[in-house]
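Single-letter residue listing:
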Amino acid sequence: MSQSIDAFVEAVAKNNPNEPEFLQAVQEVAETVIPFIEKNPKYQGKMLLERMVEPERVMMFRVAWIDDKGQTQVNKGYRIQMNSAIGPYKGGLRFHPSVNLSILKFLAFEQVFKNSLTTLPMGGGKGGSNFDPKGKSDVEIMRFCQAFMTELARHIGADTDVPAGDIGVGGREVGYMFGQYKKLRNEFTGVLTGKGITFGGSLIRPEATGYGDVYFAYNMLKTKGQSFDGKTVVVSGSGNVAQYAAEKARQLGGKVVTLSDSSGYIYDAEGIDEEKLAYVMEIKNVNYGRISDYLKKYPNAKFVEGKRPWEVKCDIALPCATQNELNGDDAKTLVANGCICVAEGANMPSTPEAVLEFQKAKILFAPGKASNAGGVATSGLEMSQNSLRLSWSSEEVDDRLKVIMNNIHQACVQYGSDGNGYVDYVKGANIAGFVKVADAMLAQGVV
Ligand SMILES: NC(=O)C1=CN([C@@H]2O[C@H](COP(=O)(O)OP(=O)(O)OC[C@H]3O[C@@H](n4cnc5c(N)ncnc54)[C@H](OP(=O)(O)O)[C@@H]3O)[C@@H](O)[C@H]2O)C=CC1
Ligand SMILES: N=C(CCC(=O)O)C(=O)O
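Residues numbered from 1 in each chain as written. Chains lettered and ligands numbered in written order. Predicted model: local features only at pLDDT ≥ 70, side-chain atom pairs only at ≥ 80, totals over all residues. Heavy atoms only, no water.

### With respect to the site of ligand 2
Phase 1: Contacts to ligand 2 come from 14 residues, most closely from Lys 90, Lys 114, Lys 126, Asp 166 and Ser 379.
Phase 2: Measuring from a nitrogen atom of ligand 2, one finds a side-chain N or O atom of Asp 166 at 2.9 Å.
Phase 3: In the complex, 94% of the free accessible area of ligand 2, which totals 300 Å², lies under the protein chains.
Phase 4: Residues belonging to the shell around ligand 2 are distributed by class as follows: 2 nonpolar, 7 polar and 5 charged. (Near = heavy atom within 4 Å. Polar contact = N/O pair within 3.5 Å; in protein donor to acceptor, adjacent residues only side chain to side chain. Areas by Shrake-Rupley, 256 points an atom, 1.4 Å probe, with all protein chains shown as cover. Nonpolar A, V, L, I, M, F, W, Y, C, P; charged D, E, K, R; others polar.)

As structure tokens, then:
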């Protein structure tokens, strides 16, 4: 790395000790944006990146609630209000035992650049809790969501900060939090996205992240005269993003052969067709079961316990589970097996070593801030519909989603092309995301 990048990253590490995930996200941006700043005087000497890595506000709070046995439970709650230069803070809420400040700061930092890429007026934020939804009853989930929102409601609003879903937070949790917010503030607004269709939710929002990931991959493949048709697709995860990435990949002619969860992955050589995916959705969204339950109905499939799906030969890989789920060895295996395209559906699923392998092999690689932006983009469209007090059809929303993903791809090509036909989508996404936020920060003064 150059001296300026080294110095910047060392300073951030010193100011934010023991935050490895946050530092990882900052380093990837710094390696591409600092050289850009060094070539563009208008961005020099303004401490823009130094300000961007410092959250505008961080809320940490206690969440106390009562479980079904009458026992008092206590969890940590957070909301990171990272950057509001181009719009109200916007970003998901993650409920997972691994949640801590480092993970939420990485997610909030990524969100700033991702939301900028969508071209919609949304700043960046993220929040959540170390609450583990697994094994909790529906009523315990409701009680936790109500306790969490009782504190969070002080800090959010339709024109201030608009949370949504992420790992462990789906439509059910958003609904319970929305109900509590409305009770406390006596306001019916677009304060959360991912709401139910009958109370302001947008059609296509559940599908949007997974669909958008595939739309972005489609755009990348098209630059090489390729498509999903006839391709073998490996997907990780089996939650919201993975389910709909698998659905859209199949609809475009791909054969999806894996899905995973934290206990391992299933491999179905015949391909996960519409009926099989519907069963996965029943397992995960209705019964809150394990992906290994897939074999109860489809015994010809394999369940590989404790492993990740990257050992399966494929043409296209869609990591849709969690951060750092795909390392350097996994990347080497994918490339050696002939994989031509990786589009991140999750946030920062590839380690720096994996990204390096993909870039060395010059395969099509899309960072999550670009390829998984369909979710937050459709959240932005939900906010637009709420402001208009109108609801658009599925086709209207899906068409707008496609246009947004096409625009993000174009922006990455504009800033990431090397002039010899290769596009560094990491560089393109980071610089394209940086420019809009930086211009707004320059115009708004030192605040
Ligand atoms: N929801 C959204 O709108 C968006 C989400 N994302 C990102 O996509 C990814 C998935 O989110 P989403 O689908 O919403 O979440 P879900 O909770 O619906 O699904 C998460 C999936 O990832 C698996 N997973 C979680 N942690 C681990 C782990 N440590 N090791 C292996 N597997 C794990 C889960 O398995 P298990 O059930 O066993 O925990 C589950 O299959 C996350 O990185 C999220 O930040 C990005 C953009 C938008
Ligand atoms: N979890 C999300 C979606 C955030 C949102 O829809 O506000 C993400 O972009 O990582």
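After that view of the structure, there is still more to cover.
### Focus: the site of ligand 1
Phase 1: Taken together, 25 residues lie near ligand 1, and Lys 134, Asp 166, Arg 205, Ser 262 and Arg 290 sit nearest.
Phase 2: Note that an oxygen atom of ligand 1 is positioned 3.1 Å from one of the backbone N or O atoms of Ser 238.
Phase 3: Here an oxygen atom of ligand 1 and a backbone polar atom of Asn 240 are 2.9 Å apart.
Phase 4: Relative to its unbound accessible surface of 890 Å², ligand 1 loses 83% to contact with the protein.
Phase 5: Of all the secondary-structure elements, those providing two or more residues to the shell around ligand 1 are helix H7 (205-222), helix H8 (240-251) and strand E7 (255-261).
Phase 6: By residue class, the composition of the shell around ligand 1 is 5 nonpolar, 13 polar and 7 charged.
Phase 7: The residue makeup of the shell around ligand 1 includes at least three contributed by each of domain 1 (54-185) and domain 2 (207-362). (Helix = DSSP H or I, 4+ residues; strand = E, 2+ residues; numbered from the N terminus. Domains from an automatic or database assignment.)

### Observations regarding the UniProt feature "binding site: substrate" (unreviewed entry) in the chain
Phase 1: Taking the UniProt record as the reference, the feature "binding site: substrate" (unreviewed entry) is found at Lys 90, Gln 111, Lys 114, Gly 165 and Ser 379.
Phase 2: Inspection of the secondary structure assignment puts Lys 114 in helix H4 (residues 101-117).
Phase 3: Judged by relative accessible area, which is 3%, Lys 114 ranks as buried.
Phase 4: Secondary-structure assignment places Gly 165 in the loop between strand E5 (161-164) and helix H6 (171-185).
Phase 5: Gly 165 has contacts with Gly 92, Leu 93, Val 174 and Thr 193, leaving out every residue within four places of it along the chain. (UniProt positions renumbered as here; feature names shortened; annotations may be inferred. Buried < 20%, exposed > 50% of the residue type's maximum accessible area, 1.4 Å probe, protein only. Contact = heavy atoms within 4.5 Å.)

### Focus on the sheet that holds E5
Sheet strands associate in pairs through backbone hydrogen bonding, adopting either a parallel or an antiparallel arrangement.
Phase 1: The 5 strands are arranged E1-E2-E4-E3-E5 in an open sheet whose pairing can be described as mixed. The open sheet is flanked by strand E1 (57-66) and E5, the only strands paired with a single partner. With strand direction ignored, the average angle separating the axes of adjacent strands in the sheet is 20°.
Phase 2: Pairing of strand E2 (residues 72-83) with strand E4 (residues 124-129) involves 6 bridges; the strand directions are antiparallel. (Pairing = 2+ DSSP bridges. Axes fitted to C-alpha atoms, helices over the stretch in contact; angles between N-to-C directions.)

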